[in-house]
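Listed below are the residues making up each chain.
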Amino acid sequence: MALGVMALLGFHLVDSVFVARLGTLPLAAQSFTFPLAFLVIGVQVGVGIAIAALISRAIGAEQHAEANRLGALVLAGGGALLGLLAVVLWWVQGPVFSLLGASPDVQAMIRPYWALQLPAMWVGGVVYFGYSLFRAHGNTRFPGLMMVLTSLFNLVLDPLLIFGIGDWQGLGLPGAALATLLAFAMGGLLLILALRGKGWVQRHGMLEQVRISALPFLHIAGPAMISQLMPPLAAMLATALVARSGEQAVAAWGMASRLESFSIVLVLGMTMALPPWLGRCYGRRDWDTVQQLMKVGAIMVIGWQTLLGLILAVLAVPLANLLVETAPVQGYLAVLIRCMPPSFGLLGVCMLVVSASNALGWPMRAMLLSFLRLFLCYLPLLWLGFQLGGFGGLALGAAFGNLMAGVMAWMGYQQALATVINS
């Protein structure tokens with residue numbers, strides 16, 4: 001899963017690198033869409049968490065027919081929900097991008113890109129639900145392989161559609177969105193072929209399953225979606241704060257967000273691979289294995305992310321120069337790379353605890369942790385750092401917020417697990 005997520009996030013990073021070659025304005029335009037893109041991803045991940053948890057628990061309890069009916073529900077219901085959200089985001093794009101600080105010129109550049117990016121995110125979301133079925137059944141190899149294949153396909157299409165070939169000049173910024181759409185569509189076709197004959201999507205009895213599973217689903221999906229929607233909201237507020245430093249700072253912030261997602265690939269892979277395993281342990285009430293899994297996961301995350309963060313900090317200037325061409329954007333990006341990646345170890349611990357909490361039947365605790373991480377630790381320190389030290393202080397504030405969140409999350413997890421075991 002880590003390799004698959006690395007490939008998937010890699011193609012988002014590659015998108016931004018290619019777009020950066022178009023200039024600062026297109027990169028800023030793409031960066032302004034990230035908070036809304038995170039909103040869609042938050043909904044799809046929240047639904048995926050709930051379904052993976054319910055299916056893995058059903059499998060652990062030997063209720064395979066129920067697990068197969070849940071598979072049909074996730075594809076039909078999740079696809080409808082994401083489609084509705086995409087329509088709403090198209091309607092409200094004008095006022096939202098204005099609130100984020102996008103100028104009229106930037107908004108004019110966003111519109112054709114957004115017209116293709118929204119369908120791409122919908123197709124990607126439905127494909128993600130299909131991957132959740134495989135993970136819930138213990139197969140992480142296929143989703144990881146598919147993420148690699150779609151990423152490679154996108155990598156080939158990006159330069160062709162953005163810059164063109166021969167006499168054709170290409171589509172510019174909208175070409176990046178079209179490449180993403182075509183890559184996800186290819187993944188969807190391969191997913192349909194892979195699901196044939198497995199019996200994991202059973203439509204018979206699906207309406208009855210809705211009645212049975214609606215409350216358990218909402219019990220997990222509601223808090224999980226709220227937890228996943230908090231980061232996009234925080235990203236919007238952070239982007240609006242960064243916009244006070246100008247469009248070049250926003251461009252650097254957007255590139256840093258891509259790099260952040262790519263650098264925490266191990267964490268993201270573990271948040272996808274561990275919950276089905278933890279869900280089966282939950283079904284068997286095997287708390288010893290839960291303790292072992294989480295301890296090993298935390299050690300891996302802290303060790304790897306801290307080492308990687310220090311390496312990135314040392315290489316901040318050459319890496320910034322490699323990713324973007326405009327000198328002021330390079331300067332802003334180097335500051336972000338130098339300050340933030342070393343804090344991703346404890347940020348990863350917090351993300352791991354939130355993911356595990358949903359799988360272990362503590363969705364409200366997961367939601368509370370997400371709220372505290374973003375609105376008690378991250379955003380207040382981001383704002384305070386900006387007030388005290390400008391853009392550099394903002395980067396340091398974000399780093400300290402990550403450190404605080406990780407410590408708080410691990411302490412809360414240990415307390416919750418001890419309470420369950422003692423009871």
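Residues numbered from 1 in each chain as written. Predicted model: local features only at pLDDT ≥ 70, side-chain atom pairs only at ≥ 80, totals over all residues. Heavy atoms only, no water.

The secondary structure content of the chain amounts to 15 helices and zero strands. Since a compact globule built from 423 residues should have a radius of gyration of about 22 Å, the 21 Å found for the chain is in line with a globular shape. For the C-alpha atoms alone, the extent of the chain along its principal axes is close to 60 × 50 × 35 Å. Here the chain holds 423 residues, and the buried ones make up 56% of them. Across the chain, the fraction of contacts at a sequence separation of at least 24, relative to all contacts at a separation of at least 6, is 82%. Distance between charge centroids for the chain: 9 Å, based on 19 positive and 12 negative side chains. (Helix = DSSP H or I, 4+ residues; strand = E, 2+ residues; numbered from the N terminus. Rg over C-alpha atoms; globule rule 2.2 N^0.38 Å. Buried < 20%, exposed > 50% of the residue type's maximum accessible area, 1.4 Å probe, protein only. Contact = heavy atoms within 4.5 Å. Lys, Arg positive; Asp, Glu negative; His and termini not counted. Charge placed at Lys NZ, Arg CZ, Asp CG, Glu CD.)

Between its terminal C-alpha atoms helix α5 (residues 104-136) stretches 45 Å, which fits the 48 Å expected from 33 residues at 1.5 Å a residue. Within α5, the axis deviates most sharply at Tyr 113, by approximately 35°. Directly beyond the C-terminal end of α5, a positive phi value near 85° is found at Gly 138. (Expected span 1.5 Å × (residues − 1). Bend = angle between axes of the 7 residues up to and from the residue.)

Residues with a pLDDT of 70 or more make up 95% of the chain, whose mean pLDDT is 83. Taken element by element, the chain is modelled with least confidence in helix α1 (residues 2-20), mean pLDDT 73, and with most confidence in helix α7 (residues 173-195), mean pLDDT 92. (pLDDT = per-residue confidence, 0-100.)

All told, the structure shown has eight aromatic pairs when counted by the stated rule. Between Tyr 332 and Phe 391, the aromatic rings sit 4.6 Å apart at their centres with planes inclined by 65°, giving edge-to-face as the arrangement. You can see Tyr 332 sitting in helix α13 (residues 327-339) and its partner Phe 391 sitting in helix α15 (residues 363-422), a full 59 residues away along the chain. For Phe 391, a relative accessible area of 9% puts it in the buried group. Grouping aromatic residues by their ring pairs yields a cluster made of Trp 362, Trp 410 and Tyr 413. (Phe/Tyr/Trp six-rings, centres within 6.5 Å; stacked < 30°, edge-to-face > 60°.)

Its location among the elements puts Gln 30 in helix α2 (residues 24-60). Separated by 245 residues in sequence, Gln 30 and Pro 275 place their C-alpha atoms 32 Å apart.

Let's shift gears to the nonpolar core. Formed by 136 residues in total, the largest nonpolar core has its most connected members in Trp 253, Leu 278, Val 290, Leu 333 and Leu 382. When near neighbours in sequence (up to four residues on either side) are disregarded, Val 290 contacts Leu 278, Cys 281, Leu 360, Tyr 413 and Leu 417. (Core = buried A, V, L, I, M, F, W, Y, C linked by side-chain atoms within 4.5 Å.)

What follows deals with a nonpolar patch on the surface. A cluster of nonpolar residues, Leu 145, Leu 149, Leu 152, Leu 155, Leu 190 and Leu 193, forms a patch on the protein surface that exposes about 500 Å² of accessible area. Take the nonpolar patch: its biggest share by element is four residues, from helix α6 (residues 141-163). A relative accessible area of 47% places Leu 152 in the partly exposed class. (Patch = residues over 30% accessible without salt bridge, like charges linked within 9 Å, V, L, I, M, F, W, Y side chains within 5 Å. Areas by Shrake-Rupley, 256 points an atom, 1.4 Å probe, with all protein chains shown as cover. Salt bridge = Lys/Arg side-chain N within 4 Å of Asp/Glu carboxyl O.)

Assignment of secondary structure puts Asn 402 in helix α15. Excluding its chain neighbours within four sequence positions, the residues that come into contact with Asn 402 are Ser 343, Phe 344, Leu 346, Leu 347 and Tyr 378.

Within the secondary structure, Leu 319 sits in helix α12 (residues 316-323). The spacing of Leu 319 and Gln 330 is 11 residues in sequence and 8.9 Å in space, taken between C-alpha atoms.

This part takes up the packing of helix α11 (residues 287-314) against α15. Packing of α11 against α15 brings their axes to within 11 Å, and their N-to-C directions diverge by 170°. Classed by the angle they form, the pair α11 and α15 counts as roughly antiparallel. Contact with α11, carried on its side by Trp 287, Val 290, Gln 291, Met 294, Lys 295 and Ala 298, involves Trp 410, Tyr 413, Leu 417, Val 420 and Ile 421 of α15 and no other residues of that element. Of the residues that constitute the contact of α11 with α15, the class distribution is nine nonpolar, one polar and one charged. (Axes fitted to C-alpha atoms, helices over the stretch in contact; angles between N-to-C directions. Parallel < 35°, antiparallel > 145°, perpendicular 65-115°, else oblique. Nonpolar A, V, L, I, M, F, W, Y, C, P; charged D, E, K, R; others polar.)

So, about the environment of Glu 325. Here Glu 325 shows up in the loop between α12 and α13. Owing to a relative accessible area of 53%, Glu 325 belongs among the exposed residues under this scheme. Each C-alpha atom, one on Glu 325 and one on Ala 20, is 7.3 Å from the other, the two residues being 305 residues apart in sequence. Excluding residues that lie within four positions of it along the chain, Glu 325 makes contacts with Arg 21 and Gln 330.

Once that is clear, we can look at the packing of α5 against α6. Here α5 crosses α6 at 150°, and the two axes come no closer than 9 Å. Every residue of α6 that contacts α5 at Tyr 131, Phe 134 and Arg 135 is listed here: Phe 142, Pro 143, Met 146, Met 147 and Thr 150. The class makeup of the residues in the contact of α5 with α6 is six nonpolar, one polar and one charged.

With the rule as written, the count across this model stands at zero disulfides. Of the cysteine sulfurs around Cys 339, a residue in no disulfide, the closest is that of Cys 377, at 18 Å. When its relative accessible area of 18% is taken as the criterion, Cys 339 is described as buried. No disulfide involves Cys 350; its sulfur sits 7.9 Å from the nearest other cysteine sulfur, which is in Cys 377. (Disulfide = S-S within 2.5 Å.)

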